[in-house]
Amino acid sequence: MRTKIVAGNWKLNNTKEESKTLIKDLKKAIEDKKLKNTRVIVAPTFVNLASSVKTAKKSKIEVVAQNMHQAKNGAYTGEVSAEMLKAIGVKTVILGHSERRTYFNETDAALAEKVNTILENKMETIFCFGELLEDRKADKHFEVVESQLSNALFHLKGADFKSIILAYEPVWAIGTGETASPEQAQEMHAFIRSIIEKKYTKEVADNVSILYGGSVKPANAEEIFSKPDVDGGLIGGAALKVADFTAIIKAI
Ligand code: 13P
């Protein structure tokens with residue numbers, strides 16, 4: 001059975017205190033929920049990771065990073081390594097978010113290196129990808145997604161996918177209030193599974209969790225999550241409010 005996951009990407013939001021409060025409130029809000037086979041994840045900004053890990057201790061909530069550098073160490077001012085993250089109890093890292101690709105010029109090639117670093121360190125990644133609006137309008141969305149996956153991930157072995165969670169985030173649906181319809185999400189997730197099966201095996205394809213991200217809200221979460229190939233969500237704006245995030249978790 002595939003693991004269900006609801007992950008909150010906090011992006012550039014929340015001070016140390018705000019992060020603490022949000023995690024504490026979330027802990028309380030979900031403590032009596034039966035969340036069998038479901039992971040609840042939050043991704044605070046780097047400076048608040050260590051304190052967030054402490055606050056989330058002995059709870060269902062996992063704290064993950066929003067990014068990581070591929071090098072072990074060295075002259076890379078402003079960057080953070082896998083080893084540094086592991087040392088504070090962070091084992092999972094979001095990679096390839098469209099905001100990193102757009103504003104920080106992250107390429108598929110750099111992401112392939114980052115994924116390798118994740119695996120070398122026995123960590124896990126939530127790997128994001130997705131097409132631009134112009135790609136979808138030009139009917140190139142399948143092609144774009146296939147090339148993003150093949151450039152950054154398809155050098156891996158099938159067994160490596162145990163450490164990979166995929167997050168399909170169509171760029172036109174991020175922070176815009178415009179969600180992919182449940183049918184569009186299902187269609188793309190099924191396509192992703194099919195190309196993984198073609199490249200690897202049915203077992204690898206069946207076992208990888210594929211999350212949908214892009215304007216998921218309490219009002220649309222249940223319908224999106226009801227689709228057979230959607231295993232959960234990567235949530236931006238709605239993950240900043242405990243009531244909304246809890247409602248989305250309940251919808252899984
Ligand atoms: P929104 O939920 O705010 O659209 O953001 C989605 C996202 O980018 C999660 O990584």
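Everything below is about the structure printed above this text.
Caption draft 1: Region of interest: the packing of helix H1 (residues 16-30) against helix H11 (residues 242-250). Direction vectors running N to C along H1 and H11 enclose 40°, while the axes themselves pass 10 Å from each other. One way to sum up the angle between H1 and H11 is to call them oblique. Every pair of crossing elements has a handedness; the one defined by H1 and H11 is right-handed. Each of Leu22, Asp25, Leu26, Ala29 and Ile30 in H1 lies in contact with H11, whose residues at this interface are Val242, Phe245, Thr246 and Ile249. Grouping the constituent residues of the contact of H1 with H11 by class yields seven nonpolar, one polar and one charged.

Caption draft 2: Spotlight on the site of the ligand. The immediate surroundings of the ligand are formed by 13 residues, with Lys11, His97, Glu169, Gly175 and Ser215 found nearest. A distance of 2.8 Å separates an oxygen atom of the ligand from a polar side-chain atom of Lys11. Note that an oxygen atom of the ligand is positioned 2.9 Å from one of the backbone N or O atoms of Gly236. Taking 310 Å² as the accessible area of the ligand by itself, protein coverage stands at 96%. Tallied by class, residues from the shell around the ligand come to four nonpolar, seven polar and two charged.

Rules used in this analysis
Residues numbered from 1 in each chain as written. Predicted model: local features only at pLDDT ≥ 70, side-chain atom pairs only at ≥ 80, totals over all residues. Heavy atoms only, no water. Axes fitted to C-alpha atoms, helices over the stretch in contact; angles between N-to-C directions. Helix = DSSP H or I, 4+ residues; strand = E, 2+ residues; numbered from the N terminus. Parallel < 35°, antiparallel > 145°, perpendicular 65-115°, else oblique. Left-handed = near helix turned anticlockwise from the far one by under 90°. Contact = heavy atoms within 4.5 Å. Nonpolar A, V, L, I, M, F, W, Y, C, P; charged D, E, K, R; others polar. Near = heavy atom within 4 Å. Polar contact = N/O pair within 3.5 Å; in protein donor to acceptor, adjacent residues only side chain to side chain. Areas by Shrake-Rupley, 256 points an atom, 1.4 Å probe, with all protein chains shown as cover.

Coordinates in, geometry out; function isn't part of it.
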